[in-house]
Amino acid sequence: MEEPMVQKHVESLQSSCGNGLETGALQRLTNLLLVEGLTDIQQKEHDILQVETTKGLPSVSKSIPLEKLFLPLSKVSIPPRISVTIGVAGIGKSTLVKLFVCSWAKGEINRDIMSVLPLTFRELNTYEKLSAERLICSAFPHTTEPGCISAGAARTLLILDGLDEFKTPLDFSNAVVCTDPKKEIQVDNLITNIIRGNLLQEASVWVTSRPAAARQIPSGLVDRMTEIRGFGAAEMKDFLEQMFPGNRDLSSQVLQHIRANRSLQVLCTIPGFCWISGSSIAYFLKHSSDQSQEATVVPRTLSEIYSYYFKMALSGDWLEKPRETLRIEQAVNTSKKLVGSLGRLAFYGLLRRKHVFYEQDMKAYGIDLSLLHSCLSTRLLLKEDMQASTAYYFSHLTMQEFLAALYYYTAAKRAIFDLFTESGMSWPKLGFLNHFRSAVQRALQAEDRQLDVFIRFLSGLLSPQVSDVCLEETNLSNCLTYNVCKSLLSQLLFCHSLRLDNNQFKDDVMELLGSVLSGKDCQIQRLSLAENHISNKGAKALARSLLVNRSLMVLDLRSNSIGPTGAKALADALKKNQILLSLNLQHNSIKEDGATFLAEALLTNHRLVTLHLQKNAIGAQGAQKIAEALKQNCSLRELILSSNSVGDNGSIALAEALRVNHSLQSLDLQSNSISSAGVAALTAALCSNKGLLSLNLRENSISKEGGPAIARALRSNSTLRKLDLAANLLYDDGGKAIALAIRENRALTSLHLQWNFIQAKAATALAQALQSNSSLASLDLQENAIGDEGMAALSAALKVNTTLADLHLQVASIGAAGAQALAEALMVNKSLQILDLRGNSLGPAGAKAVANALKVNRSLRWLNLQENSLGMDGAICIATALKGNHGLTYVNLQGNRIGQSGAKMISDAIRTNSPDCVVDV
């Protein structure tokens, strides 16, 4: 090579690489780690998760200074031909290349290398085909004899920076062999041939890459692999001092906040991330004096930090220089459109693993290139002018991920199609949380975990500090895995109500959630983990967190497998925890022992209000232990013991507790094989109990002999509001006894007598009671054969009763005559709002009678006439009657053999006459 050309090339390199090169702390990055190869974490996990997982661990690798990177490591070895340097996004790979090139051009290092040819994969993206000679010319435009570089003895170093930004994956197994340096071939094929040694075999090659992309190069072809280690404590301190020159107090405050947060400190070992975090925290500190004292919480989570950085970018209020004279109003007005376009570019670029964009990309997404020169873009989107075109790229990979999440977050609130398909032609997914779940599912399916941090940002944007979308409930059921849950931990802290049902979570996830619940910043108030695979170990992890947690009030663990041991751990925690209000352990096989442990906790816990223990096989003994605790506990308000084989013995023990406990308000004993003896004890206790509001005895074995005992309780008790006796064996005699007591009772508002073999006599007795009773609002007589006679009696009562609002008469053997009587009552009744007549035999005549009543009635809101043999004529009568009815909001006419033509006539009539009423046909 001619000397003047070399000199010109060196001067050119000094000028280009020295321009804007950071000094100081970044120059300490020149100590590289010698590594054997890529670990599983580096190949499969996102960069941020790699750093969080591995930083802070002692390194066993040897280090090598940059100046020795291309030298033999021993007297018997030879210089490496192919060197690969890996590092996560923002760690300083391109800076390292610049430092090397600049130092070499000054003659400070590697004088044995006669020519350095730096290229970026960003530049290579602009070519479709290229020869080895043209490649050299693009890196060394001053030469007229490119062949001499590849053939001469003088050592040449070809640098290929940023493999992760290359648009085409390298395919070493299928690449066509090429040995002709003049032949133009596909650029990806050219690179594989150079690395294999088929082309430029005399040159040394240095490739830099993010770890996951580096696995494209077979390890057998790499002579030396190194890794950039990032900042240590001293470098971080120096770097922050350089960020805020002349303001040592500010840099010291920023460093203090970073060091106070372990995860943030770990991430700030990445210079790019340290810059973003430092800028955000400093911006916050600068403006915190303007805010109320309550709001001065320094940003800690990724989403908070990037939100402040973004806010700073929008305002153009950069800390290291005076505020520009740019017209801020104009910038903000134009920035909304620009931010939307940049977000869309970021999102769809992320989906396509694209991190470098060219002018055609910008135009395709409607980005006004003239606006990119504003201060908004200078720290969000960087620009690089190359020979053939201009490349644009986000200032850090996480900046692209944050903008992508911001775009998805804002677009998903109004989108009716799946945002992941840009055409918008897929099946509608309505509702923001549906979009969020869709995003999580896509992240699980994505290779290389490239959407994990996008999801992390997206969940961060759901935080009430940031959004009111999920203030009431964040529902992440049926969509998470251990890894995604781990990546979201820092965001979950700030969800007030969190549902994680049916995620196949095991005990390892409980360890993660336990760490969240133990955090002093935890704001989770309600947590549902129903239908997972949590055993006693997972329960123990949660129990440990309950010892220190100060926010959780509701914990739902139903349908897991915590067993007696898990119940003991939670019970022990409840002895000290005075925050939790509600605990649901339904279907967890805690058995008698588990109930015993919880009973012990109830002796000292004065905070728990609700305890759900249904389907746990606690038996009579377990019920007796809890009953003993209830004699002393005054805080529990709701106790659910359904499906536990409590039996008469357990019921008798609970009855004894009710004689002294007047704080329990709701007791559920459904499906517990309770017969007359148990009922007698419970009802005797009700005669003196002053606290119970709701008693559920559904699906037991209460016979007609139990009726008089229940009646005695209803005559003397003045507090019970809700009594459920459905699916027992009361028959007419038991029903009549209860009906006589209803005449005198003034407290009961809801009575369920479904499926009790009640017929017309008991229905008539109940009807007579309704004529004088002024408290009952809901009566359920479904699946009892009360017939037309019973319906006629109830209808007579409805003409004078003014309190009954809900009447359930499904499958009650009511025909046209009963319907006629009911219709007459509906013409005068002003209290009934819900009427369920499903599964009777009203027929067309009954439908016509009810239709006439609907023209007059104004109180009814909900009417079910499903499966009543109405036929098309009867259904049309009902639909037509709605024209004059202004009260009904729902009518069900399904299962009435209406036919398609009838359904259309009804739909048309409803649309015209009663558009506010929903009619199921």
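None of these values were measured; they are calculated from a predicted model. (Residues numbered from 1 in each chain as written. Predicted model: local features only at pLDDT ≥ 70, side-chain atom pairs only at ≥ 80, totals over all residues. Heavy atoms only, no water.)

(A) Seen up close, the nonpolar core. Formed by 252 residues in total, the largest nonpolar core has its most connected members in Phe100, Trp206, Phe454, Leu529, Leu751, Leu809 and Leu893. By size, the runner-up hydrophobic cluster in this structure holds 39 residues, among which are Leu135, Leu160, Cys178 and Ile217. (Core = buried A, V, L, I, M, F, W, Y, C linked by side-chain atoms within 4.5 Å. Buried < 20%, exposed > 50% of the residue type's maximum accessible area, 1.4 Å probe, protein only.)

(B) Quick look at the pattern of salt bridges. Applying the stated criterion to the full structure yields 22 salt bridges. Between Arg248 and Glu241 there is a salt bridge whose closest N-O contact spans 3.8 Å. One salt bridge connects Arg698 with Asp724, and the closest N-O pair in it is separated by 2.9 Å. One end of the pair, Arg698, is in the loop between β21 (694–696) and α29 (706–716); the other, Asp724, is in strand β22 (residues 722–724), with 26 residues separating them in the sequence. Each of the two residues, Arg698 as well as Asp724, counts as buried. Shared partners join several salt bridges into a network, and the residues in it are Lys568, Asp572, Lys575 and Glu600. (Salt bridge = Lys/Arg side-chain N within 4 Å of Asp/Glu carboxyl O. Helix = DSSP H or I, 4+ residues; strand = E, 2+ residues; numbered from the N terminus.)

(C) Seen up close, the side chain of Asn864. Within the secondary structure, Asn864 sits in strand β27 (residues 862–864). Of the residues examined, Asn864 reaches a relative accessible area of 5% and is grouped as buried. Non-local contacts of Asn864, meaning those with residues more than four positions away in its chain, are made with Leu835, Asp836, Leu837, Arg838 and Asn892. (Contact = heavy atoms within 4.5 Å.)

(D) Spotlight on the packing of aromatic side chains. As enumerated under the stated definition, the model contains 23 aromatic pairs in all. Both rings, one in Phe70 and one in Phe100, keep their centres 5.3 Å apart while their planes meet at 70°; by these two values the pair is edge-to-face. Remark: Phe100 occurs in helix α4 (residues 93–105) and Phe70 occurs in the loop between β2 (63–65) and β3 (82–86); sequence separation between them is 30 residues. With relative accessibility at 1%, the residue Phe70 sits in the buried group. Judged by centre distance (5.6 Å) and plane angle (40°), the ring pair of Phe347 and Phe454 falls under tilted. Within this pair, whereas Phe347 is found in helix α15 (residues 328–351), its partner Phe454 is found in helix α20 (residues 452–460), the two being separated by 107 residues in sequence. Given the relative accessible area of 0%, Phe454 is considered buried. In this structure an aromatic cluster arises from ring pairing among Phe347, Tyr348, Tyr365, Tyr407, Tyr408, Phe420 and Phe454. The ring of Tyr393 carries the charged tip of Arg122 above its face, separated from the ring centre by 3.6 Å. Its guanidinium or amino end placed over the ring of Phe597, Lys568 lies 5.7 Å from that ring's centre, counting from NZ or CZ. (Phe/Tyr/Trp six-rings, centres within 6.5 Å; stacked < 30°, edge-to-face > 60°. Lys NZ or Arg CZ within 6 Å of the ring centre and 35° of its normal.)

(E) Quick peek at the sheet that holds β2. Reading across the sheet, the seven strands line up as β2-β1-β9-β3-β8-β6-β4 and stay open at both edges, with mixed pairing between neighbours. At either end of the open sheet lies a strand with only one pairing partner, and these are β2 and β4 (113–120). Averaged over neighbouring strand pairs, the angle between their axes works out to 25° when direction is ignored. Relative to strand β8 (residues 204–209), β3 runs parallel, the two being bridged by five bridges. Note on β8: the bridge partner recorded for Thr85 is Thr208. Seen against the sheet, helix α6 (residues 132–139) touches β4 and β6 (155–161) and runs at an angle of roughly 95° to β4. (Pairing = 2+ DSSP bridges. Axes fitted to C-alpha atoms, helices over the stretch in contact; angles between N-to-C directions.)

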